[in-house]
Structures are given as C-alpha cells and as structure tokens.
Amino acid sequence: MKQEIENKLIDKNTKPTSMRILVYDFLSSQETALSLSEIENYFENADRTTIYRTLKTFEEKGIVHSIQENTTTKYKLCHDDCDEKTHKDWHLHFYCKICKQTTCKEDISFPESMKTNFRIDEIRLFAKGICENCLESLQ
C-alpha cells in the first residue's frame, strides 16, 4: 500500500514524505470530508503546521479538494484525473445538519462536457440538509 501511495504522489509531482504518505493513507480510508482539526486529532503527535502544509500541497497538486463549510475548510481526496490546473470535483458536497458530516454526492454533478468559450477550473456545489442515514433514524 505504501508503494502505491508513493507512486500516486510522484505521479502528481509531489515528493512522497513520510507525513504525506500517512495523511494520504488516512484520507483514503475516510468516507466523509475532514477538517484540519479532525485530521490533526488522528495524528496526535504530529505538528499541526506540517499537516496543514501537507493538505495545502495536496490541494495545489490536485490530490485533495477543499470544501468550504461556513468558517471551516474540510478536505477529501480527489479522483486521479484531477491535477494542478483543474479539480474535477464537479459534484455536490452535502452537509448534514444532524450528524454534522460532509459527504461527496457524486451522483449529483455539474456536466463536464458543457461547451463554453472559457475554461472552468473549479466548481463548488454545496448543500445543507439531512442525510439519508439521519432521515431514516427520524422515521
């Protein structure tokens, strides 16, 4: 697994440091987007600045996309076809008001094939409501 992560980072022109490999591995196991604090809590002994710089580098290189949620930024791994110029996370980011989780709803997306005379580098689609799990528990 470590070699696979190293190769993915190298493919994105990112030096595979120990912390970058650990952060990538952790994010790849998450179903929801996570804030810096949530990621930092997982790595108890790691420096907050190092984790922040790792996430910023990942964002610049098309490895993660950020989701702005009120005053908090959350991070989720991108698909392999994102790169330094274009994030292809043209799907809905959904925040549940009950469980407080942010998830990517890839079945609800903006069409990439749209014909334009300009280049779209990034689209941010964000919605708040109640997720399917919380709705089920309310019934």
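Residues numbered from 1 in each chain as written. Predicted model: local features only at pLDDT ≥ 70, side-chain atom pairs only at ≥ 80, totals over all residues. Heavy atoms only, no water.

Asker: It is not clear to me how the nonpolar core should be interpreted in this structure. Could you clarify?
Answerer: General note: in soluble globular proteins, nonpolar side chains tend to be found buried as a group. Counting residues in hydrophobic clusters, the biggest one holds 20 residues, and the most contacted among them are Leu 27, Ile 39, Ile 51 and Leu 55. Elements that contribute at least two residues to this core include exactly α1 (2-11), α2 (18-28), α3 (36-42), α4 (48-60) and β3 (72-77). If one sorts the elements of this core by residue count, α2 sits on top with 6 residues. Setting aside its immediate chain neighbours within four residues, Ile 51 contacts Met 19, Leu 36, Ile 39, Glu 40, Phe 43 and Ala 46. (Core = buried A, V, L, I, M, F, W, Y, C linked by side-chain atoms within 4.5 Å. Buried < 20%, exposed > 50% of the residue type's maximum accessible area, 1.4 Å probe, protein only. Helix = DSSP H or I, 4+ residues; strand = E, 2+ residues; numbered from the N terminus. Contact = heavy atoms within 4.5 Å.)

Asker: Would you mind showing me how to read the UniProt feature "binding site: Zn(2+)" (unreviewed entry) in the chain here?
Answerer: When the UniProt feature table is mapped onto this chain, "binding site: Zn(2+)" (unreviewed entry) is found at Cys 96, Cys 99, Cys 131 and Cys 134. For this annotated set, covering 39 residues, all C-alpha atoms fall within 8.1 Å of each other, a compact arrangement in space. Counting through the fold element by element, Cys 99 comes out in the loop between β4 (91-96) and β5 (102-109). Those residues in contact with Cys 99 that lie beyond four places of it in its chain are Cys 131 and Cys 134. Structurally, the position occupied by Cys 131 is in the loop between β6 (125-129) and α5 (132-138). Look past the residues within four positions of Cys 131 in its chain and what remains in contact with it is Phe 94, Cys 96 and Cys 99. (UniProt positions renumbered as here; feature names shortened; annotations may be inferred.)

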